[in-house]
There are 2 protein chains.
Amino acid sequence: MSKSSSSLADLPVLQDEPVPCCPPITAGELSVEDSEKMAAMFKALADPVRLRLFSKIASHPGGEACVCDIQDVGVSQPTVSHHLRKLREAGLLTSQRRGTWVYYTVAPSVVAGMAAMLDLRG
Amino acid sequence: MSKSSSSLADLPVLQDEPVPCCPPITAGELSVEDSEKMAAMFKALADPVRLRLFSKIASHPGGEACVCDIQDVGVSQPTVSHHLRKLREAGLLTSQRRGTWVYYTVAPSVVAGMAAMLDLRG
DNA sequence: CAGAGATATCGACAGACATCGAAGCAGTGG
DNA sequence: CCACTGCTTCGATGTCTGTCGATATCTCTG
């Protein structure tokens, strides 16, 4: 169709910029603001279905997978879509439409940021 | 107090034993069982208040702190207690009474397990 | 033992969340 | 232009969770 309507394609991206976000949790008390940011990320992974979707994507070559490849996790397709959206909104995944299919990709720097935060050693 | 007295003492262990739990998320699809275990841990950190309590403890010397030292997070005392219990039930903290006070300690191996799971590289 | 301080548990409630079916939107192909 | 497939959005619903005040438990002290 004519112009690209606002959907999926032109979402607030969050592509893959380096997001340091938060220091290791041993580095001192988390600010209220940081704790809210981090909590949102952990919340995104705090569901078995999302965790399985995420692991399916992360373990695909290139950390990328089509929805059609991963949607067999025991819940309805709308529910899968809902969970993928949550993961995307948390910045852990990005999505991209290619023809008929939509591909979701892991955002490595964001995930690395979470891991870094859990680095004890202090 | 008829039943339901599952208090602190007779919890299903989870004390501090090394819990490898789960492989890195890139290592293949998570099993349903593993995804539930991990989701429970992430859920424990998926709240701003818990995250701040946890960071306060983790950043204390020895990764240990008295409740009285950390309970100033903007919610009531019962709520603090509730959150600490959640963290303990998830295996992220252990608790120990010393005289009048109760000390909570970070369970390093469990936290390390979560961090390891978020290790991309595949 | 009584009293006081530190934590934990209980019971209630409002808001958040996972889930579903139905409907909508976007490409593909006849 | 229409049917078809893949995915998202919508609206409803039951369950879970964070929060509080009240109260119970534990421990030290007088």
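Residues numbered from 1 in each chain as written. Chains lettered and ligands numbered in written order. Predicted model: local features only at pLDDT ≥ 70, side-chain atom pairs only at ≥ 80, totals over all residues. Heavy atoms only, no water.

As annotated in an unreviewed UniProt entry, chain A carries the name ArsR family transcriptional regulator and is attributed to Actinacidiphila alni.

### Things to note about the packing of aromatic side chains
Given two aromatic rings, their pairing is described by the distance between the two centres and the angle made by the two planes. Overall, the coordinates contain one aromatic pair over all chains when judged by the stated rule. Here Arg98(A) stacks its cationic end above the ring of Tyr103(A), 4.1 Å away from the centre of that ring. (Phe/Tyr/Trp six-rings, centres within 6.5 Å; stacked < 30°, edge-to-face > 60°. Lys NZ or Arg CZ within 6 Å of the ring centre and 35° of its normal.)

### Comments concerning helix H5 (residues 108-117) of chain A
Side chains three or four residues apart in an α-helix point the same way, a direct result of the helix having 3.6 residues per turn. The complete set of buried residues in H5(A) reads Val110(A), Val111(A), Gly113(A), Met114(A), Ala115(A) and Met117(A). If you follow the buried residues of H5(A), they end up packed against helix H1 (32-44), helix H2 (48-58) and strand S3 (101-106) of chain A together with helix H5 (108-117) of chain B. (Buried < 20%, exposed > 50% of the residue type's maximum accessible area, 1.4 Å probe, protein only. Helix = DSSP H or I, 4+ residues; strand = E, 2+ residues; numbered from the N terminus. Contact = heavy atoms within 4.5 Å.)

### Points about the relation of the copies chain B and chain A
The transformation that overlays chain B on chain A combines an axial shift of 0.0 Å with a rotation of 180°, and the residual RMSD is 0.1 Å. On this basis, the relationship between the two copies can be described by a two-fold rotation axis. Taking the C-alpha atom as reference, chain B places Ala115(B) closest to the rotation axis, 2.3 Å from it. Mapped onto chain A, 100% of the interface residues of chain B are again interface residues, and the two copies thus contact each other with one and the same surface. (Least-squares fit on C-alpha atoms with pLDDT ≥ 70 in both.)

### Quick word on the pattern of salt bridges
In this structure the tally under the stated criterion is eight salt bridges over all chains. A salt bridge links Glu29(A) to Lys56(B), with the shortest nitrogen-to-oxygen separation between them at 3.6 Å. One end of the pair, Glu29(A), is in the segment before H1; the other, Lys56(B), is in helix H2 (residues 48-58), on a second chain. Residue Glu29(A) is classed as exposed on the basis of its relative accessible area, which comes to 56%. Measuring nitrogen to oxygen at the nearest pair gives 2.8 Å for the salt bridge that ties Arg98(B) to Glu64(B). Here Glu64(B) lies in strand S1 (residues 64-66) and Arg98(B) lies in strand S2 (residues 93-98), a separation of 34 residues in the sequence. On the accessibility criterion, Arg98(B) (34% relative accessible area) is partly exposed. By relative accessible area, Glu64(B) is classed as partly exposed at 24%. (Salt bridge = Lys/Arg side-chain N within 4 Å of Asp/Glu carboxyl O.)

### What to know about the protein's contact with DNA strand D
Around DNA strand D, 27 residues are found, and the nearest of them are Gln77(A), Ser81(A), Tyr104(A), Ser76(B) and His83(B). For DNA strand D, the backbone makes up 77% of the atoms found within 4 Å of the protein, where backbone means sugar plus phosphate. Ser81(A) places a polar side-chain atom, nitrogen or oxygen, 2.6 Å from a phosphate oxygen of DNA strand D. One nitrogen or oxygen atom from the side chain of Tyr104(A) is found 2.6 Å from a phosphate oxygen belonging to DNA strand D. Elements with a contribution of two residues or more to the surface near DNA strand D: helix H3 (67-70), helix H4 (77-89) and S3 of chain A together with H2 and helix H4 (77-89) of chain B. When residues in the surface near DNA strand D are grouped by element, the largest group, five residues, is from H4(B). Its residues placed into classes, the surface near DNA strand D shows 11 nonpolar, 10 polar and six charged. (Near = heavy atom within 4 Å. Polar contact = N/O pair within 3.5 Å; in protein donor to acceptor, adjacent residues only side chain to side chain. Nonpolar A, V, L, I, M, F, W, Y, C, P; charged D, E, K, R; others polar.)

### Describing H4(A)
Residue and element names in this part refer to chain A. An ideal rise of 1.5 Å per residue puts 18 Å on 13 residues; H4 measures up with 18 Å between its terminal C-alpha atoms. Every buried residue belonging to H4 is among Val-80, His-83, Leu-84, Leu-87 and Arg-88, and all of these are buried. Here the buried residues of H4 occupy an arc of 140° about the axis, which is enough to place them on one side. Among the structural elements, H1, H2, H3, strand S2 (93-98) and S3 are those in contact with the buried residues of H4. (Expected span 1.5 Å × (residues − 1). Arc of directions from axis to C-beta.)

### Some details on the interface of chain B and chain A
Every contact between the two is made by 32 residues of chain B and, on the other side, 32 residues of chain A. Each partner contributes to the roughly 2,700 Å² buried at the junction of chain B and chain A, and carbon and sulfur atoms together form 78% of this total. Together, Ile25(B), Leu51(B) and Leu118(B) form the three largest contributors to the area buried by chain B at its contact with chain A, with a combined 19%. Across the contact surface, chain B and chain A share two salt bridges. At the surface where chain B touches chain A, the tally comes to two residue pairs in polar contact (both at pLDDT 80 or more). Going through the elements one at a time, helix H1 (32-44), H2 and H5 of chain B are the ones with two or more residues in the side of chain B that touches chain A. Broken down by class, the residue content of the side of chain B that touches chain A amounts to 20 nonpolar, six polar and six charged. (Buried area = accessible area lost by both parts, 1.4 Å probe.)

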